[in-house]
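# Coordinate analysis (summary)
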Amino acid sequence: MKVYGSIFAAALLAVCHPVFAQFDPTKVAAEPDFISRQFTTTSNFSTPAFAAGRENFTSYAEAVNFINALTQRHSNAKIEAVGKSQQGRTLSLLVLSSARGFNASLPTVMLMAQQHGNEPAGGEATLVLAKNLLEERAQILDRVNVLIMSNTNPDATELFKRETINGIDINRDHLLLRIPESQAIAAALHKYNPQLVLDLHEFTVAGRWVAKFGAVMHSDALMQAATVGNLSPTVQSVQSRYLSTARQALEAKGHRVDDYHTSSASAKDLTVSMGGVNVDTVRNVGGLRNAVSLLLETRGVGIGKANFARRVESHVIAATAIIEAAAKDGQNLIQMQEAAGRTTSNLACSGNISIIVKHTPERRALNFLDAKTGEARAIDVDWRSAHKLRIERERTRPCGYLVAADQAIAIQRLRDLGVQVKALAANDVTQTWDTETYVIANEDSGSRQDARGAISDAQSEVRLLKVSTKVIQLSPKAGTFYVPLNQPLTALIVAALEPDSQNSFVANRLMSLEDSKLVRVMKSPKL
């Protein structure tokens, strides 16, 4: 029987050949019994992947049919098409509400799954959750709206691969919005403005962990909330409570939980990091939308359908607890989001903003299972914490930004995110504006980086800039766009427009910095 050495070899092969064939159970290295028996469950589910004798996962078409059948039986379930994938598959949003329909005065929870097509447990769990919420737990929909995107990357799901069909990782594209899949998610977030966002994934069980430590992952579930610069302290406080709620629910059912953590593919790199601190994942973008924004990952990548019911169960337990907590919080959750937005808006023209933040180096003991015996092992590692962020670069907070009229792509992306933008009319440009222009001190090129190393991305290298600012008096032309910071999504605007972070529009060549195409407004204009 193949064991974890073969899994690691397969993982290395996958790095060199990132396009995988449709999932083939005969090519999966079996998980040793002394590991597998620690992750059993008695739960039974009625979704497609659990049909008798079934070896494959639920296909896109099967998930669509399952959801369609639910909506035909339950009038309080509606399907909305929010976009199409690159190969033309419909990206659907399932809206669950009371019999009276979606109610904006109730808290809204949005679940999304399978941003990575080779991580099927979250998608399966959303089918289980949709059925439960419409049947056994239907009364909760009188107190909370639930939005579900079961499969956000259907093209890759059909190929059982991580990235989208053109090689871009959806979950590094939620600020740039270069692909239709991330644009569809942004459209749903903008339209419904959920107070709580839950993103469902799976993590690598063996592979790199065997190579580095001779061990495999011990946890059933790993969790992390938004950890990013300029995050509202109000949101940060509330999301900690929701993490605790989910963790308690999982541990009460015997599921082991830890902070989300990952590592690079290099066997020589023994550093372990919490999830990224950049404005690119839906977890961090959701947090900067002033929502409680959580990542939940279960063990699964590299082990095929081993203990699939247990993996799905982890997602269902945690998501159910989170939805119930949101329903209980009710208006308090809505008021939290509104208060965070007001506070952020009121900070325009004052204080500092973070441009680049980093993890904080620490030492920590992590729990693993020995790959040869299955026994629990605590291993001390170099740990990069996202609970504490180091501000590497910051500057004064402007009142807003002026963007040249010809920067149409950047303006459209801001609007897609829900940012308010004003095109200046002739009577708006009679005054002289107090502004700062950017001066490029140094420019290099390279790949974007996250906690795992270089981000998988089909685009060309990004501009890596160091800039200073220079005070100028400017008379803008009619048609120039003004992006004020006295609005709730200030932190997203800053992330997109301050040019010297790796995720900015300038760094990713979605807009130009030269010739004062982008300037900082330092005194509120009279408009």
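Each value, and the rule that gives it
- Residues numbered from 1 in each chain as written.
- Predicted model: local features only at pLDDT ≥ 70, side-chain atom pairs only at ≥ 80, totals over all residues.
- Heavy atoms only, no water.
- Helix = DSSP H or I, 4+ residues; strand = E, 2+ residues; numbered from the N terminus.
- Rg over C-alpha atoms; globule rule 2.2 N^0.38 Å.
- Buried < 20%, exposed > 50% of the residue type's maximum accessible area, 1.4 Å probe, protein only.
- Contact = heavy atoms within 4.5 Å.
- Pairing = 2+ DSSP bridges.
- Axes fitted to C-alpha atoms, helices over the stretch in contact; angles between N-to-C directions.
- Salt bridge = Lys/Arg side-chain N within 4 Å of Asp/Glu carboxyl O.
- Core = buried A, V, L, I, M, F, W, Y, C linked by side-chain atoms within 4.5 Å.
- Right-handed = clockwise from strand over helix to strand, strands pointing away.
- Disulfide = S-S within 2.5 Å.

### Describing the overall build of the protein
Of the regular secondary structure elements, the protein holds 13 helices and 20 strands. Computed over C-alpha atoms, the radius of gyration of the protein comes to 23 Å, within 12% of the 24 Å expected from 2.2 N^0.38 for 527 residues, which places it in the range of a compact globule. In terms of overall dimensions, the protein has C-alpha extents of about 75 × 55 × 40 Å along its principal axes. Taking all 527 residues of the protein together, the buried fraction comes to 59%. Considering only residue pairs separated by 6 or more positions, the protein has 79% of its internal contacts joining residues 24 or more positions apart.

### Some details on the sheet that holds strand S4 (residues 145-149)
Ordered by their spatial adjacency, eight strands build an open sheet running S1-S2-S4-S3-S5-S10-S7-S8, and the pairing between neighbours is mixed. Where the open sheet ends on each side, the last strands, each with one partner, are strand S1 (77-84) and strand S8 (257-259). The mean inter-strand angle of the sheet, taken between neighbouring strand axes irrespective of direction, is 25 degrees. In terms of strand pairing, strand S3 (residues 108-113) meets strand S5 (residues 196-204) through five bridges, oriented parallel. The residue bridging Val109 from the neighbouring strand is Leu196, located in S5. Contacting S1 and strand S2 (90-96), helix H3 (residues 60-73) crosses the sheet at an angle of about 145 degrees to S1. Against the sheet, helix H10 (residues 308-329) contacts S3, S4, S5, strand S7 (221-225) and strand S10 (292-301), and its axis sits at roughly 165 degrees relative to S10.

### Topic: the pattern of salt bridges
Counted by the stated rule, this structure contains 31 salt bridges. One salt bridge connects Lys131 with Glu135, and the closest N-O pair in it is separated by 2.9 Å. Because the salt bridges share partners, they merge into one network encompassing Arg393, Arg395, Glu436, Glu498, Asp500 and Arg520.

### Description of the nonpolar core
Most often, soluble globular proteins have nonpolar side chains that are buried together. Counting 101 residues, the largest nonpolar core has Leu96, Tyr242, Leu497 and Phe505 as the members making the most contacts within it. Take this core: its biggest share by element is 12 residues, from H10. If sequence neighbours within four positions are ignored, Phe505 has contacts with Leu175, Leu176, Ala410, Arg413, Leu414, Ala496, Leu497, Leu510 and Met511. Within the second largest apolar cluster, 19 residues are counted, among which are Leu147, Met149, Ile170 and Ala188.

### Some details on unusual backbone geometry
The backbone of Asn230 sits at a positive phi, close to 70 degrees, despite the residue not being glycine. With respect to the secondary-structure elements, Asn230 resides in the loop between S7 and helix H8 (233-252). Overall, the relative accessible area of 27% leaves Asn230 in the partly exposed class. For Cys349, which is not glycine, the phi torsion reads 75 degrees and is therefore positive.

### Considering the pairing of S4
For S4, the tally of buried residues reaches five of five residues, placing the bulk of the element in the interior. Every second residue of S4 is oriented toward a common face, with Asn145, Leu147 and Met149 on one face and Val146 and Ile148 on the other, all of them buried. Inspection of the sheet shows S2 paired to S4 by three bridges, in the antiparallel sense. Note that in S4 the partner of Val95 across the bridge is Leu147. Bridging between S3 and S4 involves five bridges; their strand directions are parallel. Residue pairing in the sheet places Leu111 in a bridge with Ile148 of S4. Handedness of the S3-helix H4 (residues 121-134)-S4 crossover: right-handed.

### Looking at the state of the cysteines
Under the counting rule described, the total for this entry stands at one disulfide. One disulfide bridge connects Cys349 with Cys399, the sulfur atoms lying 2.0 Å from each other. As the torsion about the S-S bond is roughly 135 degrees, the Cys349-Cys399 disulfide counts as right-handed. Taken together, the residues Cys349 in the loop between helix H11 (331-346) and strand S11 (352-370) and Cys399 in the loop between strand S12 (376-396) and strand S13 (400-403) connect sequence positions 50 residues apart. Residue classification places Cys399 among the buried positions, given a relative accessible area of 3%.

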